[in-house]
Amino acid sequence: MSGTLLLPPLLTGAQVTVELTLTSTVLGAMLAFSAGMARGAGPWPLRLFAATYIEIFRGTSLLVQLFWLYYALPLIGPRIDPFVTGIIALSLNIGAYGAEVVRGALLAVPRAQHEAAVALNFTARQTLWRIILPQALPEMMPPLGNLAVQNLKDTSLVSMITIADLTFRAQTLRNLTLNSIPVYSLTLLLYFAMALVLMAGMRGLERWVRIKGQGDMARA
Amino acid sequence: MTDTPIIRFQNVSKRYGDLTVLDHFDFEVMSGEKVTLIGPSGSGKSTVLRILMTLEPVQEGVVELDGLSYRQPGRHGPFHASARHLHQIRSRVGMVFQNFNLFPHMSVLRNITEAPVAVLGLSKADARARAHELLEMVGLADKAQAFPAQLSGGQKQRVAIARALAMRPRVLLFDEPTSALDPELVGEVQEVIRRLAHEHDLTMLLVTHEMRFAREISDRVCFFDQGRIVEQGPPGEIMINPAQPRTRAFLGAYLPETSTG
Ligand SMILES: Nc1ncnc2c1ncn2[C@@H]1O[C@H](COP(=O)(O)OP(=O)(O)OP(=O)(O)O)[C@@H](O)[C@H]1O
Ligand SMILES: [Mg+2]
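Just so it is clear, the model here is predicted, and its values are computed rather than measured. (Residues numbered from 1 in each chain as written. Chains lettered and ligands numbered in written order. Predicted model: local features only at pLDDT ≥ 70, side-chain atom pairs only at ≥ 80, totals over all residues. Heavy atoms only, no water.)

A. Up close: the layout of surface pockets. Size it by volume and the largest pocket reaches roughly 980 Å³. What lines the largest pocket is a set of 33 residues, among which A:His114, A:Val118, A:Thr123, A:Ala124 and A:Thr127 lie closest to the centre. Of all the secondary structure elements, the ones that give two or more residues to the lining of the largest pocket are α1 (2-41), α4 (82-108), α5 (111-119) and α6 (124-154) of chain A together with α2 (83-90) of chain B. Here the lining of the largest pocket is built from residues that sort into 18 nonpolar, 10 polar and 5 charged. (1 Å grid on protein atoms, 1.4 Å probe; cavity = no way out; pocket = protein on both sides within 12 Å on 5 of 7 lines; lining within 4 Å. Points joined across faces, edges and corners; volume = space filled by probe spheres on them. Helix = DSSP H or I, 4+ residues; strand = E, 2+ residues; numbered from the N terminus. Nonpolar A, V, L, I, M, F, W, Y, C, P; charged D, E, K, R; others polar.)

See below:
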């Protein structure tokens, strides 16, 4: 049956998709926290820098960012391996969206909490790390989880810069076999399966963040 | 109580945009004195406390606490003072808020030990021992492991008082500490504050609408109206026999006996 023939190449592509997703989600999360905290609670030069980064990457298309890094950058600077280019663009992109989630959650912590921290003579840094961030963290987990799933789906765009991910393999197979229905159906299923696993993982992480918070409290 | 002022406002003006809340305001509190601010809503009572807690800067005048000026010439920021200088001021003053402002992600014990460990550098063991003493004092020895969400309003406010006391402030500010409480819980919090009022060294500045309570615990009551102290003195004088018609009108709404007596 065609399914058994189609599956191995698609799985090879899915593996690339998984690698892209995991790497860029982890890097993107680090960027999101750095930029979100810089913009939400940093001194003004950092705030400006973070805001510029965030708005540029939220305000332009991921596909064009990929093309720019892949086709334009080598003309004025280094040529980067396509896989690395994909990772960079995806990370910067999810980092920018994630930064807004992080910043929003930080700003959503009530002013009264900041005032209590002042009254107890915490420094600004202690206030951020001990009072504000622990309260903001559980709030940012669900939207960050959504972004991770969004990122998984966005990885399909890297097929446009010759990375042999799941979408790339699907297109190749379709061109080869002219069998659009099984190829793309199977591809959809594979993306969906990966998304399910990712969502379960993010929910686990969310629960861990909450329990970790409680653990901190119990240890006091 | 001593004769040295620990709190001093001299010619202080505080504005929010066009709104002048304090207009050339003068005010002193002696070390160890228990002072209550009363007055109509919007008259600037909380503003005085918030300025002292460094939550609000002033536009003009001198504010001092324990000899430390709130502004240092030539410095930047809303307070014209360095972070270190503000840190010194804050080490002498604590505040109990109307809405408790406990840290919801920390246990009761951690709420009380966090700042002594992180700010004062106490060992965890010392901070815990002190926290247990304080919890005992406010009648919540059995709630150390509870979380704020599991407490009643009265219990939360008693934790907040213990938390403030753990920093050993010289001045403790209370902004309507019982206003957010159900009536049946007011008494337990007042009882804790009443006991604190007998602490000789602690300077207390309290805003309240509970006139009977103000009378019980204060050395001095100040009646506030439109950013000025209209009348002040020992509670017996102010509350039983106010000289100013505005004070009389205000108290009349609270204490039926003043209008007749
Ligand atoms: N952050 C702010 N921005 C603008 N106006 C403010 C701000 N805080 C307070 N005010 C105004 O300043 C005035 C004095 O406020 P304050 O809170 O000191 O009054 P209060 O005497 O404590 O009143 P209440 O009994 O209602 O608590 C009020 O008119 C209030 O609306
Ligand atoms: Mg007030």
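Once the structure has been displayed, the description carries forward.
B. The arrangement of the site of ligand 1 in detail. All names here are of chain B. Neighbouring ligand 1 are 13 residues, the closest being Ser41, Gly42, Lys45, Ser46 and Thr47. Here an oxygen atom of ligand 1 sits 3.2 Å away from a polar atom, N or O, in the side chain of glutamate 176. Expressed as a share of its isolated accessible area of 640 Å², the protein-covered part of ligand 1 is 62%. Elements with a minimum of two residues in the shell around ligand 1: β2 (19-30) and α1 (45-52). Of all the elements, α1 adds the most residues to the shell around ligand 1, at 3 residues. (Near = heavy atom within 4 Å. Polar contact = N/O pair within 3.5 Å; in protein donor to acceptor, adjacent residues only side chain to side chain. Areas by Shrake-Rupley, 256 points an atom, 1.4 Å probe, with all protein chains shown as cover.)

C. Up close: the interface of chain B and chain A. Listed by partner, the interface residues are 30 residues for chain B and 23 residues for chain A. Carbon and sulfur atoms make up 60% of the area that chain B and chain A hide from each other, which totals about 2,200 Å². Our count for the contact surface shared by chain B and chain A stands at 2 salt bridges. Salt-bridge contacts for B:Arg50 lead to A:Glu115; the nearest nitrogen and oxygen are separated by 2.8 Å. Put simply, chain B and chain A have 7 residue pairs in polar contact (both at pLDDT 80 or more) between them. (Contact = heavy atoms within 4.5 Å. Buried area = accessible area lost by both parts, 1.4 Å probe. Salt bridge = Lys/Arg side-chain N within 4 Å of Asp/Glu carboxyl O.)

D. Local environment of the packing of helix α3 (residues 108-118) of chain B against helix α4 (residues 124-137) of chain B. Residues and elements named next belong to chain B. Close contact between α3 and α4 brings their axes to 9 Å; oriented N to C, the two are set at 130°. Taken together, the axes of α3 and α4 are oblique relative to one another. In this structure, the crossing between α3 and α4 has a hand that is right-handed. Together, Val108, Leu109, Ile112, Thr113, Pro116 and Val117 of α3 and Lys124, Ala127, Arg128, Ala131, His132, Leu134 and Leu135 of α4 make up the contact between the two elements. (Axes fitted to C-alpha atoms, helices over the stretch in contact; angles between N-to-C directions. Parallel < 35°, antiparallel > 145°, perpendicular 65-115°, else oblique. Left-handed = near helix turned anticlockwise from the far one by under 90°.)

E. Here's a closer look at a nonpolar patch on the surface. On the surface, A:Val26, A:Leu27 and A:Met30 cluster together to form a nonpolar patch covering roughly 270 Å² of accessible area. Its relative accessible area of 48% is what places A:Met30 among the partly exposed residues. (Patch = residues over 30% accessible without salt bridge, like charges linked within 9 Å, V, L, I, M, F, W, Y side chains within 5 Å. Buried < 20%, exposed > 50% of the residue type's maximum accessible area, 1.4 Å probe, protein only.)

F. Looking closely at the sheet that holds strand β4 (residues 60-65) of chain B. Residues and elements named next belong to chain B. Ordered in space as β2-β1-β4-β5, the 4 strands form an open sheet in which the pairing is antiparallel. Bordering the open sheet on either side are β2 and β5 (68-69), each of which pairs with just one other strand. Where β4 and β5 come together, 2 bridges link them in antiparallel fashion. From the neighbouring strand, leucine 65 faces β5, where its bridge partner is leucine 68. Running over the sheet, α1 touches β1 (5-16), β2 and β4 and is turned about 115° from β1. (Pairing = 2+ DSSP bridges.)

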